[in-house]
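Coordinate inspection notes
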Amino acid sequence: MSESSRHDLLKRCGHICLWLNVLLMGVKLSVGYFYASRALFADGIHSLLDVTADMFVLYAVSMSAKPKDVQHPYGYSRYETLANIVIAIMLIMAVYAIIYDAVQGFYQPSLVMDFRVGVVAGVSIVLNEVSYRYVSYYAKLLRSDLLMSTAVHQRADAGTSVIVLLATV
């Protein structure tokens, strides 16, 4: 596979994850807000971080596609490594933000959740799992650590939505 087609596949996977996360972020934040679900709203904030990470992934992919030059005789492939580090840091930030929000809401009275919160969480689980399988397939095919960490990030999002679904039920 040529380097050009490899970067095209990396970009396509990055764009798919970006637009999926934009969609999920908007739905989770709005439904979480209107139906007073702290869990779904926090999951929407997590999706907001995912959108930011996806944008960084796309930037890293475009930078790593640059040819070698005098200043960078080995090329720009380290941008992919940098993006992996950024994704890891963002996942850690998301975990702490969700834990903080959960602790803040722990002593507040519980509300009966609307079934739509559960439906959004269920749809999010399915979409993130499908995205995980799609992206991990190409990550293995292209031998891309960056894509694999993006795929794992999608699965982590599905795990967060599982918790939201369980809390709703």
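Keep in mind that this is a model prediction, so the values were computed, not measured. (Residues numbered from 1 in each chain as written. Predicted model: local features only at pLDDT ≥ 70, side-chain atom pairs only at ≥ 80, totals over all residues. Heavy atoms only, no water.)

Here we look at the packing of aromatic side chains
Per the stated rule, a full pass over the model turns up four aromatic pairs. Geometrically, the ring pair formed by Tyr-33 and Phe-34 is edge-to-face, given 5.3 Å between the ring centres and 75 degrees between the ring planes. Here Tyr-33 matches Phe-34 in class, with each residue exposed. Consider the rings of Phe-56 and Tyr-59, whose centres lie 6.2 Å apart with planes at 45 degrees: the pair is tilted. Taken as a pair, Phe-56 and Tyr-59 lie in helix 2 (residues 38-64) at a separation of three residues, close to a single helical turn. Connected via pairs of aromatic rings, a cluster forms that spans Tyr-134, Tyr-137 and Tyr-138. The side chain of Arg-155 reaches across the aromatic face of Tyr-132, ending 3.8 Å from its centre. (Phe/Tyr/Trp six-rings, centres within 6.5 Å; stacked < 30°, edge-to-face > 60°. Buried < 20%, exposed > 50% of the residue type's maximum accessible area, 1.4 Å probe, protein only. Helix = DSSP H or I, 4+ residues; strand = E, 2+ residues; numbered from the N terminus. Lys NZ or Arg CZ within 6 Å of the ring centre and 35° of its normal.)

Points about helix 4 (residues 115-142)
If you check helix 4, its first and last C-alpha atoms are 40 Å apart, about what 28 residues at 1.5 Å a residue would give, namely 40 Å. Phi turns positive, to about 55 degrees, at Arg-143, one or two residues after helix 4. (Expected span 1.5 Å × (residues − 1).)

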